[in-house]
Amino acid sequence: MPIKWVLHWQPNAGTTVNTQILTEVSQCVESINGVKEGRWKATLSFYKPMLREQANALEFPRDFLGISLQEQPNKYYFVIRGQRLILEAESSIQTIMEKLQSYKTRVALNFEGFQYQLGDFQLRVGKVVPIHSESLRGIVMEMEYLPISSWEKSHQIVGEFFDIWQEALAKRSLPGHFVHIEPIFSEFGLSDQYTSQHTAVQYASIMAQMIATAQSAQAVRN
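Residues numbered from 1 in each chain as written. Predicted model: local features only at pLDDT ≥ 70, side-chain atom pairs only at ≥ 80, totals over all residues. Heavy atoms only, no water.

- The name recorded for the protein chain in an unreviewed UniProt entry is Mediator of RNA polymerase II transcription subunit 20a-like isoform X2, from Nicotiana tabacum.

Examining the nonpolar core
- Core analysis: the biggest nonpolar cluster contains 56 residues, and Trp9, Val25, Phe111, Met143, Trp165, Phe178 and Tyr203 have the highest contact counts within it.
- When neighbours within four sequence positions are excluded, tyrosine 203 is seen to be in contact with Val6, Trp40, Ala42, Leu44, Ile67, Leu69, Phe111 and Glu142.
- By size, the runner-up hydrophobic cluster in this structure holds eight residues, among which are Tyr47, Phe64, Phe78 and Ile80. (Core = buried A, V, L, I, M, F, W, Y, C linked by side-chain atoms within 4.5 Å. Buried < 20%, exposed > 50% of the residue type's maximum accessible area, 1.4 Å probe, protein only. Contact = heavy atoms within 4.5 Å.)

A word on the side chain of threonine 43
- With respect to the helices and strands, threonine 43 occurs in strand E2 (residues 35-49).
- A polar atom in the side chain of threonine 43 sits 2.9 Å from the side chain of asparagine 110.
- When residues no more than four places from it in sequence are discounted, the contact partners of threonine 43 are Gly66, Ile67, Ser68, Leu109, Asn110 and Ile131. (Helix = DSSP H or I, 4+ residues; strand = E, 2+ residues; numbered from the N terminus. Polar contact = N/O pair within 3.5 Å; in protein donor to acceptor, adjacent residues only side chain to side chain.)

Here we look at the pairing of strand E7 (residues 121-130)
- Of all 10 residues making up E7, nine are buried, and the element is well covered by its neighbours.
- When strand E6 (residues 103-118) meets E7, the two strands line up antiparallel, connected through 10 bridges. Bridge pairing in E7 places asparagine 110 opposite valine 129.
- Joining the antiparallel neighbours E6 and E7 is a turn of two residues, in which glycine 119 adopts a positive phi near 65°.
- Judged from the eight bridges that link them, E7 and strand E8 (residues 138-145) form a sheet pairing that is antiparallel. Looking across to E8, one finds that glycine 126 is bridged to valine 140. (Pairing = 2+ DSSP bridges.)

This is the structure:
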């Protein structure tokens, strides 16, 4: 399948994300001839264990995420970053987990926005919002290169496209920039050939980074 970079918006120190930035980013994609193709969406859930006894708390992973991706509607992905584990399951696993009452959702976030075609690239730009809320928590972008499925072979051309994109965006003088954090996929047992599991690991990584950024901003304000 085509390789994909998942990026997140890093606000400048002392600033926060807002809908105006999201609008400007979307307009920038259109200004470099991106053709809007429709909506896209992914959902990420943080799980916490339903403990019978508090003494067992240390036996369960704290950083346990579940991710559903639009391109794989029948699949569900679990990521435990601490143990470098990624698991692909049928989407029905969510119903099973609810019935077993082993884990419950602590926080669930939607990544949603629009998809654009740009030659051999597809860009998806969207907001990060809690389910049942319009409170903006972040901005993400998926940058997909359609002709190649090798992470290594695609690196140079996607990197060059990312540089061009950053230059176009810089002209708008927005208070922040997009960041690409590259997980070490081999640590999760993933090969060079790109899969949706690679995408799930990237989402888990950017969520960790966004939480760290929000926490450091909160510490500065306090």
